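Residue-level listing of the chains:
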Amino acid sequence: EEVTFLQRAFHLSREQLIASWLLWDTGLRTYSNDIYTSEALRCVMHLHNYLKGSWHEKRQAVVLKLLERIRPKKICEIGFGTPQAYVKAYLSSRQTDILLMDYEDSSLRFAEKVLDVWDRNWRKRIKLTRFDLNEDVFPEGYDAYLFQDSMEHADNPSAALKRCTTILKKGAHVLFSLPIEIEHPIPEHHICFKTESEIFDWLE
């Protein structure tokens, strides 16, 4: 029902979804960040979050478990792509405010429709805002900041990370999901890690 609603909301055919799915999954080194302007692709990204046993499902479970340990009152996710499982979980709890930020308008439009399906009153707890990792000032006062495979898309990820650290309040947590690309880095990624230790070195 959710997929049918999203198809109708964005006038997407089954064929468009299949084509976007195949491009995203098999054309990894053939496209640029421009692919993310497509609402068909947003729908495909959203569907990936439901794949049992997939990396997308596992990442969401890890993030939700970490957030349950942190117990933040305010969460800010930068480059959210599509609303993740933790957003749905916190919508039902009604105890946490969430700011979802993304550079692409397609992400914001898609999120509105998904959130309408999950909870018609989502605007009481969730705010959607456009954000440019390269230029905009990070919002202050949040207990948890999430970068789920988004920081590597900044033109200068190290500069973006430094700008983020300057606004963190005491006790704030920052959760990262960063790609390890042993061979053939993805072209639209502006930083590359071959090992987990390289990631920790960069963060430090």
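Since the model is a prediction, treat every value here as computed from it, not as a measurement. Along each chain, numbering runs from 1 in the same order as the chain's sequence is written. Only residues with pLDDT of at least 70 get local features here, since the model is predicted, and only at 80 or more are side-chain atom pairs given and counted; chain-wide, interface and lining totals rely on the full set of residues. The basis for every side-chain value is the complete set of heavy atoms in the structure, and neither hydrogens nor water enter the calculation.

Note on placement: Ser 106 falls in helix H6 (residues 105–118). Burial classes: relative accessible area under 20% of the type maximum marks a residue as buried, over 50% as exposed, and values in between as partly exposed (1.4 Å probe, protein chains only). On the basis of relative accessibility, which here comes to 1%, the residue Ser 106 falls in the buried class. At 2.6 Å, the side chain of Ser 106 and the backbone oxygen of Tyr 36 are in polar contact. Throughout this description, a polar contact denotes any pair of N or O atoms lying within 3.5 Å of each other; where both atoms belong to protein, one of them has to be capable of donating a hydrogen while the other can accept it, and for residues adjacent in sequence the pair is counted only when both atoms sit in side chains. There is a polar contact of 3.2 Å between the side chain of Ser 106 and the side chain of Arg 42. When checking whether two residues touch, look at their non-hydrogen atoms; a contact exists if any pair is within 4.5 Å. Ignoring sequence-local partners within four residues, the contact set of Ser 106 consists of Tyr 36, Thr 37, Ser 38, Glu 39 and Arg 42. Strands are runs of DSSP state E lasting at least two residues, helices are runs of H or I lasting at least four, and both sets are numbered from the N terminus onward.

Turning next to the environment of His 48. Note on placement: His 48 falls in helix H3 (residues 39–48). For His 48, the contacting residues outside a window of four places in its chain are Trp 21, Trp 24, Asp 25, Ser 54 and His 56. Reaching out from His 48, the side chain makes a polar contact with the backbone oxygen of Val 44 at a distance of 2.9 Å.

The next point concerns the sheet that holds strand S1 (residues 74–78). Sheet architecture is open: five strands sit in the order S3-S2-S1-S4-S5, paired in parallel fashion. If you trace the sheet from one side to the other, it starts and ends with strand S3 (126–130) and strand S5 (173–177), each paired once. The sheet shows a mean angle of 15 degrees between the axes of neighbouring strands, taken without regard to direction. Criterion used throughout: strands pair if DSSP finds at least two bridges between them. Both S1 and strand S2 (residues 97–102) contribute to a ladder of five bridges, which runs parallel. Each residue of the ladder has a partner; that of Cys 76, found in S2, is Leu 99. Inter-axis angles, ranging from 0 to 180 degrees, are taken between N-to-C directions of lines fitted to C-alpha atoms, where helices are fitted over the stretch in contact.

As a further point, take H3. Where burial is concerned, most of H3 is hidden: nine out of the ten residues are buried. The residue sitting at the N-terminus of H3 and contributing the capping side-chain oxygen is Ser 38; that oxygen lies 3.2 Å from the backbone nitrogen of Ala 40.

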